[in-house]
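In case you want the letters, here they are:
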There are 2 protein chains.
Amino acid sequence: MIKDKFADAVTAPPPDDGEADIGAIKDILGFHIRLAHGACLRHFTETFTDLDLTQKQVSVLWLVDDHPGIAQTDLAQRLRMDRATTMAIINRLQAKHFLRRDRSDKDGRKQALFLEEPGKAMLARAKTAIGEHEAWVKSRFSDKEVRQLIDLLSRIHE
Amino acid sequence: MIKDKFADAVTAPPPDDGEADIGAIKDILGFHIRLAHGACLRHFTETFTDLDLTQKQVSVLWLVDDHPGIAQTDLAQRLRMDRATTMAIINRLQAKHFLRRDRSDKDGRKQALFLEEPGKAMLARAKTAIGEHEAWVKSRFSDKEVRQLIDLLSRIHE
DNA sequence: GTGGATTGTAAGTGTTGCTAACGAATAGGC
DNA sequence: GCCTATTCGTTAGCAACACTTACAATCCAC
């Protein structure tokens, strides 16, 4: 099984320990964050194959729904993305008619984003799928541990 | 400040709560994992601009050092990567003369991977940089919290 | 030996992140 | 009001990864 081999990777001690080493790879916090994220992303992608949406795309739909008329820059800052990267995502979502850009009245430079009907419908389906996905992630934790984990992770992304 | 805007994104309640909603985006564990990973990756990339190495590349160097003669498939399984993806990474590292491929004696299909001298030197520098990076991540936690976090994350990637 | 599985490789696609540059619009100092 | 600096959206290009399919070489079981 892949799982066993992997556990081995995190468990296996280095063959030599003579030199000044900063420790085994399994003690590197960043390593665990990366792997946990990878596992999460993998399951997310599986869950969303039918809907054909990525994590980023769902996050954008969700935030536009929560903040109708939000500008792209605002969105980028909230999701810690580049302006250019945000563009690419918005383009894909717009091509699917999930949202539209309206020139902002107050600031001619900005594009106000609004969900279109297909986008709202898709977001509703996406939220259900996220529910399943979350259940999968949370299945290995107690409620208290989930709160703990969110608290600890929040401190990393501030 | 970006930080404030971002905190707002995680904190701001949705304007309407009438329909059957699965909760605010800030309660989605996957969302926090993604953001924490992003923050981590960003800092890692900054720390490693001089060395011109990515997280994956460092992981590969580290594992090849820990397991001299390891095969690419083995590496891929340990890091949860695709065979093809592993190829690309090994190619880049080989182009920099950080490691070499030797046809395995025991199995003619396999390529045994070994660090070259430049690779060993680079790994030593990388481990120092990882030390700094880890210090940055861990600065916001107590030792106990670090252990907790690693334990919780480990349960996600098994 | 033959057939099936494994391993590395190659080629192609898609998503995401970055940079640099540009025009359009705004905001602030004067 | 006017000029300058900044912001916003946009385009283009580059790099890293993850995925797929296909293929040749090798190994193993029978």
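Quick notes on the rules
- Residues numbered from 1 in each chain as written.
- Chains lettered and ligands numbered in written order.
- Predicted model: local features only at pLDDT ≥ 70, side-chain atom pairs only at ≥ 80, totals over all residues.
- Heavy atoms only, no water.
- Helix = DSSP H or I, 4+ residues; strand = E, 2+ residues; numbered from the N terminus.
- Buried < 20%, exposed > 50% of the residue type's maximum accessible area, 1.4 Å probe, protein only.
- Contact = heavy atoms within 4.5 Å.
- Areas by Shrake-Rupley, 256 points an atom, 1.4 Å probe, with all protein chains shown as cover.
- Near = heavy atom within 4 Å.
- Polar contact = N/O pair within 3.5 Å; in protein donor to acceptor, adjacent residues only side chain to side chain.
- Least-squares fit on C-alpha atoms with pLDDT ≥ 70 in both.
- 1 Å grid on protein atoms, 1.4 Å probe; cavity = no way out; pocket = protein on both sides within 12 Å on 5 of 7 lines; lining within 4 Å.
- Points joined across faces, edges and corners; volume = space filled by probe spheres on them.
- Nonpolar A, V, L, I, M, F, W, Y, C, P; charged D, E, K, R; others polar.

- An unreviewed UniProt entry annotates chain A as MarR family transcriptional regulator originating from Novosphingobium fuchskuhlense.

1. Observations regarding the overall build of chain A
For step 1, the next point in the chain: Along the backbone of chain A there are seven helices and two strands.
For step 2, the next point in the chain: In sequence order, the secondary structure elements of chain A are arranged as α-α-α-α-α-β-β-α-α.
For step 3, the next point in the chain: Counting only residues that meet the buried cut, chain A has 47% of its 158 residues in that class.
For step 4, the next point in the chain: A sequence separation of at least 24 residues applies to 49% of the contacts in chain A between residues at least 6 apart.
For step 5, the next point in the chain: Looking at chain A as shown, the accessible area adds up to about 8,000 Å², and 52% of this sits on carbon and sulfur atoms.

2. Re the protein's contact with DNA strand D
For step 1, the next point in the chain: What surrounds DNA strand D is a group of 21 residues, the closest being T73(A), R83(A), R101(A), T54(B) and G108(B).
For step 2, the next point in the chain: Of all atoms in DNA strand D that approach within 4 Å of the protein, 69% are sugar or phosphate atoms.
For step 3, the next point in the chain: R109(A) has a polar side-chain atom sitting 3.1 Å from a base oxygen of DNA strand D.
For step 4, the next point in the chain: At the level of elements, helix 4 (72-78) and helix 5 (83-95) of chain A together with helix 5 (83-95) of chain B are the ones that each hand at least two residues to the surface near DNA strand D.
For step 5, the next point in the chain: Considering each element in turn, the surface near DNA strand D owes the most residues, four residues, to helix 5 of chain B.

3. What about unusual backbone geometry?
For step 1, the next point in the chain: You will see that D52(A), though not glycine, has its phi angle at about 60°, which is positive.
For step 2, the next point in the chain: Within the secondary structure layout, D52(A) lies in the loop between helix 2 (29-47) and helix 3 (55-66).
For step 3, the next point in the chain: Residue classification places D52(A) among the exposed residues on the basis of a relative accessible area of 52%.
For step 4, the next point in the chain: Of note in this structure, R80(B) is not a glycine but carries a positive phi near 60°.
For step 5, the next point in the chain: Residue position: R80(B) is located in the loop between helix 4 (72-78) and helix 5.
For step 6, the next point in the chain: The exposure class assigned to R80(B) is partly exposed, which follows from its relative accessible area of 24%.

4. Observations regarding the relation of the copies chain B and chain A
The operation linking the two copies of the chain is a rotation about an axis combined with a translation along the axis.
For step 1, the next point in the chain: Of the transformation placing chain B onto chain A, the axial shift is 0.0 Å and the rotation is 180°, giving an RMSD of 0.1 Å. Accordingly, the operation relating the two chain copies is best matched by a two-fold axis.
For step 2, the next point in the chain: The fraction of interface residues of chain B whose copies in chain A are also interface residues reaches 100%, indicating that both copies meet through the same surface.

5. Observations concerning the environment of E132(A)
Residue and element names in this part refer to chain A.
For step 1, the next point in the chain: Its location among the elements puts E132 in helix 6 (residues 117-138).
For step 2, the next point in the chain: Among the residues examined, E132 registers a relative accessible area of 52% and is labelled exposed.
For step 3, the next point in the chain: Between the C-alpha atoms of E132 and F44, which are 88 residues apart in sequence, the distance is 9.5 Å.

6. A few points about the layout of surface pockets
For step 1, the next point in the chain: Space inside the largest pocket adds up to approximately 280 Å³.
For step 2, the next point in the chain: Here the lining of the largest pocket is built from residues that sort into five nonpolar, two polar and four charged.

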